[in-house]
Amino acid sequence: MQYNWSRYLRLIFTGLAGATLVGWFFGHPLYGLLTGLVMYLWWTLVQAHRLYQWLAHPSASDEPPQSVGLWGDIFDSLHKLHRDHLLTQDRLRARINRVQESTNAMRDGVIMTDTRGAMEWWNGSAEYLLGFKPDKDRGQYIHNLIRTPAFKAYFDARDYREPLEINSPAKPHIHLQIQISLFGDDDRLIVAKDVTRLFQLEQMRRDFVGNVSHEMRTPLTVISGYLETLVDHSDELPAKWRRAIKTMAAQSSRMESLITDLILLSKIETGEHTLDDALTDVEALVGQICHDARALSGEKNHRISVQITDRRLLKGDESQLRSAFSNLIFNAVKYTPANGNIVVSWSTNRHGAHLSVKDSGIGIDPVHIPRLTERFYRADPSRHKDTGGTGLGLAIVKHVLINHDGNLEIKSRMGEGSEFICHFPRERLVERVPETTGD
Ligand code: ADP
């Protein structure tokens with residue numbers, strides 16, 4: 001019914017006029033008006049009470065109380081509002097059910113947590129992959145259920161550009177890739193993907209390369225040994241064989257370095273080198289490598305200088321760090337023309353510790369920089385024969401840094417030189433224990 005204010009007023013006035021008329025008929029028009037007003041007030045109170053009862057227990061009866069006039073229209077409007085609200089609620093519930101059904105059908109585990117990591121909702125795959133219990137774990141902190149330290153560090157770091165890989169806490173044979181997204185009021189949506197097959201394939205590839213390299217090492221050592229003996233006695237050989245034997249010896253020694261680097265890379269990748277809590281004296285290590293680099297430079301007579309501004313030790317595996325730093329420093333020697341400058345510096349700031357190797361060499365075209373740490377990637381393939389490199393040096397550097405929670409930064413300009421910087425987190429710096437003199 002249409003809301004009609006003047007009609008309501010008309011109705012009330014007609015009622016009150018009627019009551020006054022009846023009062024007048026009995027000689028008391030004022031009493032008649034008063035009685036009319038009291039009756040109207042009473043009726044209004046009864047309607048308000050019925051409305052309250054209906055609002056307080058809406059589910060008891062879906063139908064609103066019946067009335068006339070203004071109250072009738074108020075009941076009808078409220079009933080319409082209530083119906084619309086129920087409809088919207090049903091529609092929303094159906095939509096939520098559908099979203100839940102579809103996420104339940106997903107093979108990936110999906111978990112929603114609040115800002116502190118309390119679990120609010122998860123799908124069936126999360127129960128299977130991570131072993132969550134439907135009722136027991138609601139509201140639990142996710143760190144208490146996924147206890148891997150790497151996961152806690154990843155969750156708290158709030159830097160979710162790269163995914164994290166961990167083994168499932170409930171089923172250790174399942175390898176998971178975890179990706180977190182922030183949404184709403186700093187809440188988190190966590191997606192756990194089963195990447196076991198990919199992980200196994202990657203593992204097989206690494207094992208294959210490692211095993212093949214190992215198997216090839218022994219025969220190659222024998223061949224190289226004989227070739228070196230032949231080179232030593234090349235005067236006794238017919239002239240036409242001398243050049244061939246020398247080339248064969250050079251190539252077999254190149255293959256030996258390649259195999260040594262492949263074995264090293266596969267060990268670093270598979271984590272065969274345990275990192276323990278070993279400490280490395282970077283100052284001493286850099287000193288030794290630069291000493292070897294001067295020998296490598298030889299007649300090219302590079303000026304190699306070392307700058308150490310922090311004498312603290314670095315938590316990490318010395319042999320891995322030696323491989324990484326020597327690859328960078330020897331590269332600087334290889335790719336810098338005679339009499340060039342090479343500066344090796346070890347410094348720290350509030351972001352962490354940094355080992356920089358800067359040269360005034362040939363430089364690298366910026367297009368190559370993003371791919372330099374790939375295996376066998378070379379900025380200038382025509383040059384690698386002169387430098388005798390294996391193409392694995394920077395891949396080794398990258399993996400050593402990954403093992404030490406660090407990363408490699410490369411800055412370079414063609415013809416002006418390059419700078420390779422190894423960044424390590426601050427937490428890896430350890431104070432030196434003062435040496436005791438023993439008296
Ligand atoms: P390689 O054994 O060929 O030196 P690396 O993995 O050590 O292999 O380096 C990959 C490529 O990066 C090199 O082939 C070279 O083109 C480039 N490179 C590395 N270091 C330097 C440097 N200091 N100056 C110029 N180019 C460099």
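Remember, it's a predicted structure, so these values are computed and weren't measured experimentally.

### Some words on empty space enclosed by the protein
Okay, so step 1: Taken as a whole, this structure holds two cavities of 30 Å³ or more when the rule is applied.
Okay, so step 2: Each pocket or cavity is described by its volume, and for the largest cavity that value is around 50 Å³.
Okay, so step 3: In terms of lining residues, the largest cavity is bounded by Arg 205, Arg 206, Val 209, Leu 262, Leu 265, Ser 266, Glu 269 and Arg 375.
Okay, so step 4: If you list the elements that add at least two residues to the lining of the largest cavity, you get helix H7 (196-232) and helix H8 (239-270).
Okay, so step 5: Here the lining of the largest cavity gets four residues from one element, more than from any other, and that element is H8.
Okay, so step 6: Among the residues making up the lining of the largest cavity, the classes are represented as three nonpolar, one polar and four charged.
Okay, so step 7: Broken down by secondary-structure element, the contributors of at least two residues to the lining of the second largest cavity are helix H10 (318-334) and strand S10 (352-359).

### Regarding the sheet that holds strand S6 (residues 279-280)
Okay, so step 1: Strand order in the open sheet formed by three strands is S6-S8-S13, and the pairing between neighbours is antiparallel. On the outer flanks of this sheet lie S6 and strand S13 (429-430), each paired with one strand and no other.
Okay, so step 2: Sheet topology note: the strand S8 (residues 313-315)/S13 ladder contains two bridges and is antiparallel. Bridge pairing links Leu 313 to Val 430 in S13.

### A few points about the packing of helix H9 (residues 282-297) against H10
Okay, so step 1: With their axes 10 Å apart at the nearest point, H9 and H10 run at an angle of 35° to one another. Between H9 and H10 lies a crossing whose hand is right-handed. Contact residues: H9 offers Val 282, Leu 285, Val 286, Gln 288, Ile 289, Cys 290, Asp 292, Ala 293, Leu 296 and Ser 297, while H10 offers Glu 318, Leu 321, Arg 322, Phe 325, Ser 326, Ile 329, Phe 330 and Val 333.
Okay, so step 2: Its residues assigned to classes, the contact of H9 with H10 comprises 12 nonpolar, three polar and three charged.

### A word on the packing of H10 against helix H12 (residues 393-403)
Okay, so step 1: One way to put it is that H10 packs onto H12 with a least axis distance of 9 Å and a crossing angle of 140°. Classed by the angle they form, the pair H10 and H12 counts as oblique. In this structure, the crossing between H10 and H12 has a hand that is left-handed. Each of Gln 320, Leu 321, Ser 323, Ala 324, Asn 327, Leu 328 and Asn 331 in H10 lies in contact with H12, whose residues at this interface are Gly 393, Leu 394, Ile 396, Val 397, Val 400 and Asn 403.

### A word on the pairing of strand S1 (residues 109-113)
Okay, so step 1: S1 sits mainly inside the fold: four of its five residues count as buried.
Okay, so step 2: Pairing analysis gives five bridges linking S1 to strand S5 (residues 187-194), with the strands arranged antiparallel. Considered in S5, the bridge of Thr 113 is made with Arg 188.
Okay, so step 3: Where S1 meets strand S2 (residues 119-122), three bridges bridge the pair, whose relative direction is antiparallel.

### Some words on the state of the cysteines
As used here, a disulfide is simply a covalent bond connecting the sulfur atoms of two cysteines.
Okay, so step 1: This model, assessed by the stated rule, comprises zero disulfides.
Okay, so step 2: With no disulfide partner, Cys 290 has as its closest neighbouring cysteine sulfur the one in Cys 422, 13 Å distant.
Okay, so step 3: Using a relative accessible area of 0% as the deciding quantity, one classes Cys 422 as buried.

### As for the UniProt feature "transmembrane region" (unreviewed entry) in the chain
Okay, so step 1: Feature annotation in UniProt places "transmembrane region" (unreviewed entry) on residues 12-43, given in this structure's numbering.
Okay, so step 2: Taken end to end, residues 12-43 has its terminal C-alpha atoms 12 Å apart, with 91% of it in helix and 0% in strand.

### Regarding the layout of surface pockets
It is a probe the size of a water molecule, rolled over the atoms, that shows where empty space is left.
Okay, so step 1: One number sums up the size of the largest pocket: a volume of about 1800 Å³.
Okay, so step 2: Of all elements in the fold, only helix H6 (149-157), strand S3 (164-167), H7, H8, H12, strand S11 (407-413) and strand S12 (417-424) reach the threshold of two or more residues within the lining of the largest pocket.

### Considerations on H9
Okay, so step 1: With 16 residues, H9 extends 22 Å between its outermost C-alpha atoms, agreeing within 8% with the 22 Å of an ideal straight helix rising 1.5 Å per residue.
Okay, so step 2: Within the sequence span of H9, burial applies to Val 282, Leu 285, Val 286, Ile 289, Cys 290, Ala 293 and Ser 297. Buried residues of H9 fall within an arc of 130° about the axis and therefore sit on the same side. Of the exposed residues in H9, those oriented more than 90 degrees away from the buried face are His 291 and Ala 295.
Okay, so step 3: The secondary structure elements touched by the buried residues of H9 are S6, strand S7 (303-308), S8, H10, strand S9 (341-349) and S10.
Okay, so step 4: Looking one or two residues beyond H9, the residue adopting positive phi is Gly 298, at roughly 50°.

Rules used in this analysis
Residues numbered from 1 in each chain as written. Predicted model: local features only at pLDDT ≥ 70, side-chain atom pairs only at ≥ 80, totals over all residues. Heavy atoms only, no water. 1 Å grid on protein atoms, 1.4 Å probe; cavity = no way out; pocket = protein on both sides within 12 Å on 5 of 7 lines; lining within 4 Å. Points joined across faces, edges and corners; volume = space filled by probe spheres on them. Helix = DSSP H or I, 4+ residues; strand = E, 2+ residues; numbered from the N terminus. Nonpolar A, V, L, I, M, F, W, Y, C, P; charged D, E, K, R; others polar. Pairing = 2+ DSSP bridges. Axes fitted to C-alpha atoms, helices over the stretch in contact; angles between N-to-C directions. Left-handed = near helix turned anticlockwise from the far one by under 90°. Contact = heavy atoms within 4.5 Å. Parallel < 35°, antiparallel > 145°, perpendicular 65-115°, else oblique. Buried < 20%, exposed > 50% of the residue type's maximum accessible area, 1.4 Å probe, protein only. Disulfide = S-S within 2.5 Å. UniProt positions renumbered as here; feature names shortened; annotations may be inferred. Expected span 1.5 Å × (residues − 1). Arc of directions from axis to C-beta.

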